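# Per-entry structural report
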Amino acid sequence: MNRIGIHGSVWSGRWDGEEGVRAVHRTAEAGYDFLELPLSDPKGIAVENLRHALEKSHVGVTASLGLTAETDISSPDESIVQRGIAHLEEAIGVLRDLGGQDLAGVIFSAMRKYTAPADPRGIAHAKEALRVLAGQAHRAGIRLHLEVVNRYESNVINTGDQAVAFLQDVASPVPLGVHLDTYHMNIEEGIPGRAIERCGGNIGYFHVGESHRGYLGTGTVNWGEIFRALRRIDYRGPIAFESFSSAVVDANLSNTLGVWRNLWSEGENLARHARGFIAAQMEAAARAEVN
Ligand code: MN
């Protein structure tokens, strides 16, 4: 019932040529329903090539990105906010042209370590900008999802409760989703399963990542708790596997996320393992319910 996808960084660090086409084929071969395209650089996407490959392989597409210090819509500086809005509009356009319907990630703040708490004027800017952007996205057939990330990657939203409160303030006439990620929840949430339950129907996108962002099941995330909670709230949205290694370098992403270690070298094997792991966890959660 959930569509299961995989983040593009398992396959490639660039999307301007044949790498994207190969990534689509690998996504299909590893048994995934969709590819989550890293959209930090909307201009660096070979849109026509990619759309053709997606259609031919019957692979769906979503996208995610993190804003930067130059495009931070939570900045008190109006000109930076305007650059961020333009960047997100461009990303919405690319995703629309690819046929995608979900834009997720750190789209409310820069994705970086801040050295001070968020500025209230900046927070107001982000809420105002997202209200407008959600409407634009909606007209393009796209829903925005705000990714709850750990304290070293944003100072705006670090917990599920904060995301729900933030969205209430945005008060958008069209729905935006909360995007949860097990890697970040493992750092910030006391009881990740409870966080999932409290976000409930607000969750629109979900990242499955291990505590060190490597092979699923080799870290400290309590997978039984996560998948049982998703089952309890009857979550039916997209689930994307996310993993990073120094084996695949993305000029925009790797340094921001602190990907210094080689946690795997074979994307194919990692992807197949994760697909099986997710299926097994979902089945176990369903069985736990009837026992
Ligand atoms: Mn994530």
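Because the structure is a prediction, the values reported are computed rather than measured.

### Some thoughts on the packing of helix α2 (residues 47-57) against helix α3 (residues 78-98)
Where α2 meets α3, the axes come as close as 9 Å, and the angle between the chain directions of the two elements is 40 degrees. Compared by their axis directions, α2 and α3 come out oblique. The segment α2 lies against α3, with V47, L50, R51 and L54 engaging V94, D97 and L98. Class assignment for the residues of the contact of α2 with α3 results in 5 nonpolar, no polar and 2 charged.

### What about the UniProt feature "domain: Xylose isomerase-like TIM barrel" (unreviewed entry) in the chain?
Taken from the UniProt record, the annotation "domain: Xylose isomerase-like TIM barrel" (unreviewed entry) applies to residues 25-251. The span residues 25-251 is 41% helix and 18% strand, and its two end C-alpha atoms sit 23 Å from each other.

### A look at the coordination of the manganese ion
Bound to the manganese ion on the protein side are E147 (OE), D181 (OD), H207 (ND1) and E242 (OE), at distances that span 2.0 to 2.2 Å. The class of E147 is buried, set by a relative accessible area of 6%.

### Regarding helix α5 (residues 160-170)
Three or more residues of α5 are buried, namely G160, A163, V164, F166, L167 and V170. One side of α5 holds all its buried residues, which, seen down the axis, span an arc of 160 degrees. Against β4 (102-110), α4 (120-139), β5 (143-147), β6 (177-181) and α7 (192-199) lie the buried residues of α5. The positive-phi residue at the C-terminal boundary of α5 is A171, with phi of around 50 degrees.

Cut-off values and rules
Residues numbered from 1 in each chain as written. Predicted model: local features only at pLDDT ≥ 70, side-chain atom pairs only at ≥ 80, totals over all residues. Heavy atoms only, no water. Axes fitted to C-alpha atoms, helices over the stretch in contact; angles between N-to-C directions. Helix = DSSP H or I, 4+ residues; strand = E, 2+ residues; numbered from the N terminus. Parallel < 35°, antiparallel > 145°, perpendicular 65-115°, else oblique. Contact = heavy atoms within 4.5 Å. Nonpolar A, V, L, I, M, F, W, Y, C, P; charged D, E, K, R; others polar. UniProt positions renumbered as here; feature names shortened; annotations may be inferred. Donors = N, O, S within 2.8 Å, 3.2 Å for Na, K, Ca; no water. Buried < 20%, exposed > 50% of the residue type's maximum accessible area, 1.4 Å probe, protein only. Arc of directions from axis to C-beta.

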